[in-house]
Amino acid sequence: MKRQTVLALVAVASAAIIACIGCAPKGGKSKIGDTSPAIKGARSAPVSKSGGNEVVARIGRGGAKLELANGARIEIPPGSIRGTTEVIFKNAPRTTAFKDADVRGDDPIGPIVLLSPAIDAPEGASIVVSIPFSAIPEGYSEKGLYLAHEEKSQLQRQFAEDTIVTTWDYTKARIISGRAVAELPALSGMRLQFLLSREE
């Protein structure tokens, strides 16, 4: 289940460099990686790596599990990347997109993170994003648990080249073994934030 928020964030290029490192080239996201004969087939084994505020890993077709010190985790399924590509998973700058969360009834939970570059899971598989989260606060229910993921807006062409326009899409999440978990077919290389929504 997926919904869209009406939020839009306009940022100057200096902020966009952080928010959109590794965004997909024109034409949309695709499987990434250097497929030159010299490294084709490299990194076929899964990669598992953890770090503090940032994890940098060379990942190949075997996929990866990356985790930050705050417990934020991303699992990239095998087949998402051709060849070998450097992937960065890190804590990201806070966004003003949720400054009126109390008005909308959406409450950000956990850290805001970023994975770059953009990645597509192979058909039938999903990229799994999760954070430690076990107790639903009073006034909420698991039905209102979502992962908000930042996407480049279709309105981009209406603004100057040095301005980046983004929107936030919401994907339904659930609680599994003390973690908030969301599964997505692709990530845009921009920011991610779990939310609780006061839904009826």
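This is a predicted model, so every value here is computed, not measured. (Residues numbered from 1 in each chain as written. Predicted model: local features only at pLDDT ≥ 70, side-chain atom pairs only at ≥ 80, totals over all residues. Heavy atoms only, no water.)

Undergrad: So what's going on with the overall build of the protein chain? Residues and values would help.
TA: When its secondary structure is counted, the protein chain shows two helices and 15 strands. A total of 200 residues make up the protein chain; the buried ones form 48% of that total. Taking contacts inside the protein chain between residues at least 6 apart in sequence as the whole, the part at least 24 apart equals 70%. Accessible surface computed for the protein chain: about 10200 Å², of which carbon and sulfur atoms make up 51%. (Helix = DSSP H or I, 4+ residues; strand = E, 2+ residues; numbered from the N terminus. Buried < 20%, exposed > 50% of the residue type's maximum accessible area, 1.4 Å probe, protein only. Contact = heavy atoms within 4.5 Å. Areas by Shrake-Rupley, 256 points an atom, 1.4 Å probe, with all protein chains shown as cover.)

Undergrad: How would you explain the pattern of salt bridges if you had to name every residue and give the values?
TA: Side chains carrying opposite charge are able to pair once their charged atoms draw close together. Enumeration over the complete set of coordinates arrives at three salt bridges. With its nearest N and O atoms 3.0 Å apart, the salt bridge here joins glutamate 67 to arginine 73. A salt bridge links arginine 174 to glutamate 183; its shortest N-O distance comes to 3.4 Å. (Salt bridge = Lys/Arg side-chain N within 4 Å of Asp/Glu carboxyl O.)

Undergrad: Outline empty space enclosed by the protein, supporting the account with residue identities and numerical values.
TA: Throughout the structure, instances matching the rule amount to one cavity of 30 Å³ or more. Ala72, Arg73, Phe89, Pro111, Val113, Val129, Ser130, Ile131, Leu147, Leu192, Gln193 and Phe194 together form the lining of the largest cavity. The set of elements that each furnish at least two residues to the lining of the largest cavity consists of strand 7 (106-116), strand 9 (127-132) and strand 15 (191-197). The class makeup of the residues in the lining of the largest cavity is nine nonpolar, two polar and one charged. (1 Å grid on protein atoms, 1.4 Å probe; cavity = no way out; pocket = protein on both sides within 12 Å on 5 of 7 lines; lining within 4 Å. Points joined across faces, edges and corners; volume = space filled by probe spheres on them. Nonpolar A, V, L, I, M, F, W, Y, C, P; charged D, E, K, R; others polar.)

Undergrad: Tell me what's going on with the sheet that holds strand 2 (residues 47-50), and back it up with residues and numbers.
TA: As summarised here, the arrangement of the six strands in space is 2-4-5-9-13-12, forming an open sheet in which the pairing is mixed. What marks the edges here is a single partner per strand, and that holds for strand 2 and strand 12 (174-176). Going from strand to strand, the sheet's axes swing by 20° on average, the running direction of each strand aside. Direction of pairing for strand 2 relative to strand 4 (residues 64-67): parallel, over a ladder of four bridges. Within strand 4, the residue paired with serine 50 across the bridge is glutamate 67. (Pairing = 2+ DSSP bridges. Axes fitted to C-alpha atoms, helices over the stretch in contact; angles between N-to-C directions.)

Undergrad: Explain the pairing of strand 4 to me, using residue names and the numbers behind them.
TA: What you see with strand 4 is a clean split: Ala64 and Leu66 sit on the buried side and Lys65 and Glu67 on the side with no burial. What sits between strand 4 and strand 5 (residues 73-76) in their antiparallel hairpin is a turn of five residues, with glycine 71 showing a positive phi close to 95°.

Undergrad: Residues and numbers for the environment of arginine 174, please.
TA: Residue position: arginine 174 is located in strand 12. Within the structure, arginine 174 has its side chain in polar contact with the side chain of glutamate 183 (distance 3.4 Å). (Polar contact = N/O pair within 3.5 Å; in protein donor to acceptor, adjacent residues only side chain to side chain.)

Undergrad: Explain the confidence of the model for the protein chain to me, and be specific about the residues and the numbers.
TA: As a general rule, the predicted coordinates of low-pLDDT regions are not to be interpreted in detail. Per-residue confidence for the protein chain gives a mean pLDDT of 78, with 68% of residues at or over 70. Below pLDDT 50 for its whole length, residues 5-41 participates in 81 contacts with residues either more than four positions away or in separate chains. (pLDDT = per-residue confidence, 0-100.)

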